[in-house]
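Commentary on secondary and tertiary structure
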Amino acid sequence: MSEKPRIGVYICHCGLNIASTVNVKEVVEYAKNLPDVIVSRDYVFMCSTPGQDLIKEDIEKYNLNRIVVAACSPSMHEPTFRAVLENAGLNKYLLEMANIREHCSWVHEDKTIATEKAKDLVRMAVAKARLLEPLKEPEFEVQPNVLVLGGGVAGMRAALELAHWGFNVYLVEKSPTLGGRAALIGWIESKRRGSDIVNAMIKGIAQNPRIHVFTNSELVNLSGFVGNFTARINVNPRYVNEKCTLCGECSLECPIDVVNEYEFGLGRRKAIFIPFKGAYPQTYVIDYRVCVKCGECLKACRYGAIDLNDKPKTLDVKVGAVVIATGYDPYRPFMGEYGYGLHKGIITLFQLERILDPEGPTHGELIIGGKVPKSIAFIMCVGSRNTTPNAKNYCSRMCCTSTIMNAIRIKEKYPDTDIFIIYKDIMTYSSDERLYEEAGKRLIKFIRFEEPPTVSVGPEGLFVNVYEITLQEEIRIPVDAIVLSVGMVPRRDLPDLITVTRVGCGTDGFIREAHLKLRPVEAPASGIFLAGAVTGPKNIIESIKMGSAAAARVTALLSKGRITVEPLTATSDKDICSGCEVCVGVCPYGAISMTEMDGKRIARVEETLCMGCGACVAACPSGAMQQKGFKDSQIMAQVVASLGGV
Amino acid sequence: MEKPKIALYWCASCGGCEESVVDLAEKVLDLINVVDIVFWPVALDFKLEDVEKLPDKSITASFINGGIRLSEHEKVVKLLRSKSQYVIAYGACSAWGGIPGLANLYERDEIFKRVYFEVPTVVNEEGILPRTYEDKNLGIKIEVTEFLPRLLPLDRVIDVDYYIPGCPPTPDVTWNAIQILLSGNLPPKGSVIGASSRALCDECPLNKTKPEKLLIKEFKRVVEITPDPEKCLLVQGLPCLGPVTRGGCGALCINAAMPCTGCFGMLDRVSDYGAKALSYLASVLDTEDEKEVEKQMEKLVDLVGRLYRYSLPASKLGGKVIKRR
Amino acid sequence: MSFEPKIVVFACNWCTYAALDLAGTSRMKYPANFRVIRVMCSGRIDPQFVLEAFKQGADGVIVAGCHPGDCHYINGNMKTLRRMTMLRKMLEDLGIEKERFRLEWISASEATKWVQVAKEMVEQIKALGPLKSKLEVMV
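Residues numbered from 1 in each chain as written. Chains lettered and ligands numbered in written order. Predicted model: local features only at pLDDT ≥ 70, side-chain atom pairs only at ≥ 80, totals over all residues.

**What about the overall build of chain B?**
- Counting secondary structure elements, chain B contains eleven helices and nine strands.
- On the principal axes, the C-alpha backbone points of chain B span a range of 70 × 60 × 30 Å.
- Intrachain contacts of chain B at a sequence separation of at least 6 include 73% that bridge at least 24 residues. (Helix = DSSP H or I, 4+ residues; strand = E, 2+ residues; numbered from the N terminus. Contact = placed C-beta atoms within 7 Å.)

If you want it as structure tokens, here you go:
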């Protein structure tokens, strides 16, 4: 620091809030005698206009270069007084506040003691102020483009809103079609299908020139920082172009067939296929992972829509922010879990929804395992709530509502079907409680368990065995079909995404939001936002809302064309850093990396990613890393001053 | 033209610092060609009176090693201070107290009791403790120097101009320091000279083998494993203090597959070696469970002994807090 | 005059400092023995600060931050937990009684907890007596 500190100290009365307990005049006199204090004053309300003007005038008149305000908590008025400094032409980070209200006058009764404490607090603030340095808020221009990963309802909603606000959106979807899970399963309040919502969104997206859709595509690299990311997208070949008329002749000739993931394992599809009726883009696609390039489809196509020489493409796009909305996977029971895979009559909740869908494999007829079941048991919490050793420890939120909705649907169409819901707890939250009531009215039987039920598969048929709590008896229910109400789990390929985007996941394996209360919808890393089930189980409406929220956050971030970040960041002294790397692993934001400078390998903090926690500073074994505004020397000065030193 | 005078003195030390001067080998001859050694008890026969007779500030530089443990040490270093232009604290003991500084964990009474009564091989039936012996008939009075209540680093007793780190300083570091002093281009007073301004990792050949994130699951004791000499020792679980220790020694211990124990002391921006070492080790430990932390702490065995091995007297607390009865 | 302990508190901005503010707005009363130093995260707190406080004459030190899992900076408080667990042991080995050094998790709404901790600590340290007279600082 080249200049000598010239400190102005301002003690606020805050009306009587401070002055009735702390002898303000005494504190003013005390401060006058502290080294480097040029001016020491008091005023009734420091934060008022005349109070602020007092500081401003003094700065000019006395050439002050550090200001201490002893008043209320900085959480109240630090921004106010920082603005005063700025208006007076002083860097706004040359301010230090002493909290003599919330931490002093309001919590102590003895006036002498409170006054002594106020003096100590002022002395501590002066000690730090002496060592404060002007800090510059880094400002960057941002790219007015956004990358949205995931073409499900959350991602599509975010894309539509962002495009509405004028941003260019790159909507990247791994599968060959937009729509996600809601295109195949799910209802909104038992009236509208998920696919209706999906179709409406797809229509909006197709018409919007600002939304650039990349299906069959993946994000393979993300570099840069908030406001200025570079995203590398791999576009995998479709082999089918827009000349496709959806006639389906190619599919008939294709010799390769695989399990159909769009029916959740029910049935098979060919290597050349269309995922579902409303798929977008509206063309067939060849699954490049299983295609053997036999050329049968080429021969069958009369429209010249197939090009087997289609190649993968890579493109780099510059974006200001990223929204991750890649969704979830349904929990897949392992072979034998509740008999799954051992009997055709045992299916999952997702498969049931496909069966009940008029566009599904059975055209909406309730045919499970080849026959119409006269009795069905739903087993709840499969893969959730620690019911079995391999189950996840959380509740998957949507399965109770979904199960009961489907049970009612079955009763509507097949009223004589005997339906048992074997449950641990019924979590039909909010207005979905009415479904639970209705289920009871329709004589759907609810059987409660604490120990999970077992399923017997044998020549006598299917049985569900459960220890019923109220009867305190083991009961054995013969059924024609069993539906396992499985929950939501993180996508199998989520670890790859986490590596590329450097976001973190929670203990449940879903991507973690920065802070549930203080920073929702955001990933810890700046500029990356989260929407939908990628952060944890939620239903269609909740996912859509979160997509909307993410879009709003992105808009707020990028709308001005420039962003500033608070400069209370960590910085490593290149002359001291030994390249020991201790800081890199300590940073929760991945803001620190090793770099070469003047032939030395040293740590470098990316300012835009640093959130200013200071953990790396305490960890740094050589004192090379320091936090602006919270340097070791500044804090040590406060410690010394707190115990009487200056 | 008169050669500059230098003096070397040892306080509470093991003699290793004296040996390191001798380890300069042939360079010692270069040295004595350009300087005049006026006091060096371990090697030359000058007496204290010879020093007392010298004019003030006539010794260009005094190199003092060892910690201040006895009143005798205090007396001599004060004398050398008055006679010298520059005083250099040579080695870890004079700079920060060194290994003998760990005695500051005990009161003087406890130390004496142990040394003079409790040690198994001591026979002291009359219970004699160091004391002045007087025999008026023979006209003898033998005064034993006072054992100070705490071991002090040199700079708590006299003004020190420069520090040369190490236990002992390596010949290279010693020679570097001498060059700097002879060059006339002196660094600011109070500097550590002859060594690096960065931590050991900067010159350690194993630093580049570190993975991107340093997270250690378990600390290991040196006796527990045979370390791979080509991989960073910390990554293998040995609590190497390289990151928190000044470099300049050429990573001698690392090259012998032993983790650094910190003998070159802390870096310029650090004010308490043990506290920084503790913060660093706790930071790289990969657990969020308090019980696990305690378990790993036990693997470190003796926190104070390990982390303040060379620097306890210079630490903020200086040693164990004394209980007043 | 009876002994009034001097206790330094290192408080994290988002949780503990806010709790102290809340104690103020709620006009709760507690002893005036504390001097609070604000940091953004308890993870910023270097063991060197704690030792300096004792060296300068503090009779007690509190390091306080957000509850595990609630850290504004994800897991800064976990580093604090590790560091302070080890520091507590080292302080004990150096003769500083464990009652003089506390690691507390105080969330922004826990003003009552703060007041309780404050009163408790003052009582405990009064019983132990001052540290400064015990501490022979090397000057």
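Okay, back to it.
**Some remarks on the interface of chain A and chain C**
- The interface is formed by 39 residues belonging to chain A together with 36 residues belonging to chain C.
- Within the residue set of the side of chain A that touches chain C, elements represented by two or more residues are helix H4 (101-105), helix H5 (111-130), helix H16 (615-619) and helix H17 (632-642) of chain A.
- Looking at which element gives the most residues to the side of chain A that touches chain C, the answer is H17 of chain A, with seven residues.
- Residues belonging to the side of chain A that touches chain C are distributed by class as follows: 22 nonpolar, eleven polar and six charged. (Nonpolar A, V, L, I, M, F, W, Y, C, P; charged D, E, K, R; others polar.)

**What to know about the nonpolar core**
All names here are of chain A.
- Val68, Ala70, Val148, Val323 and Ile482 are the most contacted members of the largest nonpolar core, which totals 357 residues.
- With nine residues, H5 is the single largest residue contributor to this core.
- Once residues within four sequence positions are removed from consideration, valine 323 is found in contact with Val146, Val148, Leu149, Gly155, Ala158, Phe529, Ala531, Ala550 and Val554. (Core = buried A, V, L, I, M, F, W, Y, C linked by C-beta atoms within 7 Å. Buried ≥ 20, exposed ≤ 12 C-beta atoms within 10 Å, placed from the backbone.)

**Details of the pairing of strand E3 (residues 60-65) of chain C**
Residue and element names in this part refer to chain C.
- Most of E3 sits inside the fold, with six of its six residues counted as buried.
- By the alternation rule, side chains of E3 split into Gly60, Ile62 and Ala64 and Val61, Val63 and Gly65, which are all buried.
- As defined by bridge partners, strand E1 (residues 7-12) adjoins E3 across five bridges and the pair is classed as parallel. If you follow phenylalanine 10 over to E3, its bridge partner there is valine 63.
- Sheet analysis places E3 next to strand E4 (residues 101-105), joined by five bridges and oriented parallel. Each bridged residue has a counterpart across the sheet, and for glycine 65 the counterpart in E4 is tryptophan 105.
- One crossover worth recording links E3 to the parallel E4 by way of helix H3 (residues 76-93), and it is right-handed. (Pairing = 2+ DSSP bridges. Right-handed = clockwise from strand over helix to strand, strands pointing away.)

**Topic: the sheet that holds strand E2 (residues 37-43) of chain A**
All names here are of chain A.
- Spatially, the four strands line up as an open sheet ordered E2-E1-E3-E4, and their pairing is parallel. Pairing within the sheet leaves two strands with one partner each, and these edge strands are E2 and strand E4 (95-99). Sheet twist, expressed as the average angle between the axes of neighbouring strands with direction ignored, equals 15 degrees.
- Here five bridges tie strand E3 (residues 66-71) to E4, and the two strands are oriented parallel to one another. Directly across from isoleucine 67, in E4, lies its bridge partner leucine 95.
- Contacting E3 and E4, helix H3 (residues 74-87) runs over the sheet at an angle of about 150 degrees to E4.
- With respect to the sheet, H5 is in contact with strand E1 (7-12), E2, E3 and E4, its orientation differing from that of E3 by roughly 155 degrees. (Axes fitted to C-alpha atoms, helices over the stretch in contact; angles between N-to-C directions.)

**Side note on unusual backbone geometry**
- Each neighbour pair has its own omega, and for tyrosine 280 of chain A with proline 281 of chain A the value is 5 degrees, a cis peptide bond.
- A cis amide bond links cysteine 167 of chain B with the next residue in sequence, proline 168 of chain B, at an omega value of -5 degrees.
- Among the secondary structure elements, proline 168 of chain B is positioned in the loop between strand E9 (162-164) and helix H7 (171-183).
- In this structure, isoleucine 74 of chain C is a non-glycine residue whose phi angle is positive, near 75 degrees.
- Relative to the helices and strands, isoleucine 74 of chain C is located in the loop between E3 and H3.

**Some points on the packing of helix H10 (residues 349-356) of chain A against helix H11 (residues 399-413) of chain A**
All names here are of chain A.
- Across the interface, H10 lies against H11 with an axial gap of 11 Å and an inter-helix angle of 35 degrees. Crossing geometry of H10 relative to H11 is assigned as left-handed. Residue-level inspection shows Leu349, Leu352, Glu353 and Leu356 of H10 in contact with H11, the latter providing Cys399, Ser402, Thr403, Asn406 and Arg409.
- Broken down by class, the residue content of the contact of H10 with H11 amounts to four nonpolar, three polar and two charged. (Left-handed = near helix turned anticlockwise from the far one by under 90°.)

**Thoughts on the interface of chain B and chain C**
- In this assembly, 28 residues from chain B lie in contact with 29 residues from chain C.
- Every element with two or more residues in the side of chain B that touches chain C is listed here: strand E8 (147-152), helix H9 (273-284), helix H10 (290-299) and helix H11 (303-307) of chain B.
- Among the elements that take part in the side of chain B that touches chain C, H9 of chain B stands out by supplying six residues, more than any other.
- Here the side of chain B that touches chain C is built from residues that sort into 13 nonpolar, four polar and eleven charged.

**Some points on the sheet that holds strand E3 (residues 59-65) of chain B**
All names here are of chain B.
- Ordered in space as E2-E1-E3-E5-E9, the five strands form an open sheet in which the pairing is parallel. In this open sheet, the two strands that pair with only one neighbour each are strand E2 (36-39) and E9. Between one strand axis and the next, the sheet turns through 30 degrees on average, direction left out of account.
- As defined by bridge partners, strand E5 (residues 84-90) adjoins E9 across three bridges and the pair is classed as parallel. In the sheet register, alanine 89 faces E9, and the bridge partner there is tyrosine 163.

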